[in-house]
Amino acid sequence: MKFFIDTANLEQIKEAQDMGILDGVTTNPSLMAKEGITGTDNIMKHYVNICNLVDGDVSAEVIATDFEGMVREGEALAELHEQIVVKLPMIKDGVKACKYFSDKGIKTNMTLVFSAGQALLAAKAGATYVSPFIGRLDDISTDGLNLIAEIRMIYDNYGFETEILAASVRHTMHVIDCAKLGADVMTGPLSSITGLLKHPLTDIGLEQFLADYNKGN
Ligand code: G3P
């Protein structure tokens, strides 16, 4: 499973990259605003900064909600850097724009996906990635992980190559459950990645090994 980090924070991206386990980055307008990155020029520059920090795909989201606007913005984003993936909302014009970019060989990520039917449309439009938001489904008492299982089954039934990018991952158990269900990618905050490291027996064991080593030295 690929690990993407879901942030626009350069320090956190660098920390994950330095661990050697990062495969890419996802962002959205809210994550940009959280870092105080506003205005088209600053946002575009920030995408380039992110691309220069990591080796993998970097999702950059369009703001337009009409086909022509999405094409215009998506083409400008794709020209910024070869690692950019054009992130499009799951609406009718977003599906149409996804097909347009897929036909041109430009990578896409269909975002704000909350149902298996939406994921089926994304695959039909040739999306590189589909982003089901599991945490936001959990927030409204709906099983987000079940959506991952449904999409996995549908994609496997037909051999769709669209990668399931489990998004709105909130914690380590989401990561582990997504891996069990066969999600191709997960994107979450840094804490959902570094939290995987933690086990008290690791800490106790290491402390004991070091204490025993020091007895003879
Ligand atoms: O990748 C989608 C993500 O940014 C949404 O996460 O935590 O705002 O639901 P969250």
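A brief look at the structure comes next. (Residues numbered from 1 in each chain as written. Predicted model: local features only at pLDDT ≥ 70, side-chain atom pairs only at ≥ 80, totals over all residues. Heavy atoms only, no water.)

## Observations regarding helix 6 (residues 116-124)
It helps to recall that an α-helix has 3.6 residues per turn; residues three or four apart then point in one direction. Defined as follows: Burial classes: relative accessible area under 20% of the type maximum marks a residue as buried, over 50% as exposed, and values in between as partly exposed (1.4 Å probe, protein chains only). Going along the chain from the N terminus, every DSSP run of H or I of four or more residues is numbered as a helix, and every run of E of two or more is numbered as a strand. This arc is built from the directions going out from the helix axis to the C-beta atoms. Two residues qualify as a contact provided that any one of their heavy atoms is within 4.5 Å of a heavy atom in the partner residue.
Along helix 6, the positions that sit buried rather than exposed are Ala116, Ala119, Ala122 and Ala123. Down the axis of helix 6, the sector holding all buried residues measures 115°, keeping them to one side. In the core, the buried residues of helix 6 are packed alongside helix 5 (92-103), strand 5 (108-113), strand 6 (129-132) and helix 8 (144-158). Positive phi shows up at Gly126, right after helix 6, with a value of about 80°.

## Thoughts on the site of the ligand
Heads up, the rule is: To be near a molecule or strand, a residue needs just one of its heavy atoms within 4 Å of it. For this analysis, a polar contact is any N or O atom pair within 3.5 Å, provided that within protein one partner can donate a hydrogen and the other can accept it, and provided that sequence-adjacent residues contribute only side-chain to side-chain pairs. Each accessible area is a Shrake-Rupley estimate made with a 1.4 Å probe; only the visible protein chains count as cover when residues are assessed. In this classification, the charged set is Asp, Glu, Lys and Arg, the nonpolar set is Ala, Val, Leu, Ile, Met, Phe, Trp, Tyr, Cys and Pro, and all remaining amino acids, among them Gly, are polar.
Taken together, Asp6, Asn28, Phe133, Arg136, Ala167, Ser168, Arg170 and Thr187 make up all the residues around the ligand. Between the ligand and the protein, one listed contact pairs an oxygen atom with a side-chain N or O atom of Asp6 at 2.7 Å. Note that an oxygen atom of the ligand is positioned 2.7 Å from one of the side-chain N or O atoms of Arg136. Summarising the interface, the protein chains cover 83% of the accessible area of the ligand, which totals 310 Å² for the free molecule. Among the residues forming the shell around the ligand, the class breakdown is 2 nonpolar, 3 polar and 3 charged.

## Considerations on the packing of helix 4 (residues 67-80) against helix 5
Any two packed helices are characterised by the angle at which their axes cross and by the distance between the axes. Keep this limit in mind: Axis definition: a line fitted to C-alpha atoms, over the contacting stretch in the case of helices. Angles run 0 to 180 degrees between N-to-C directions. Note that the term roughly parallel is reserved for angles under 35 degrees, roughly antiparallel for angles over 145, roughly perpendicular for angles of 65 to 115, and oblique for everything else. Handedness of a helix crossing follows the sense of rotation of the near helix relative to the far helix, less than a right angle counterclockwise being left-handed and clockwise being right-handed.
For the pair helix 4 and helix 5, interaxial distance at closest approach is 9 Å and the crossing angle is 45°. Classified by the angle their axes make, helix 4 and helix 5 are oblique. Here helix 4 and helix 5 pass one another in a crossing that is right-handed. Here Phe67, Met70, Val71, Gly74 and Glu75 of helix 4 lie close against helix 5, whose contacting residues are Asp93, Gly94, Lys96, Ala97, Tyr100 and Phe101.

## A look at the side chain of Asp6
This is how it is decided: Note on charges: Lys and Arg go in the positive column, Asp and Glu in the negative column, and His and the chain ends are not counted at all. Salt bridges are defined by distance alone: a side-chain nitrogen of Lys or Arg within 4 Å of a carboxyl oxygen of Asp or Glu.
In this fold, Asp6 is placed in strand 1 (residues 2-6). Although Asp6 lies buried, it forms no salt bridge, and the closest oppositely charged side chain, Lys87, sits 5.1 Å away as judged by the N-O distance. A polar atom in the side chain of Asp6 sits 2.7 Å from the side chain of Thr26.

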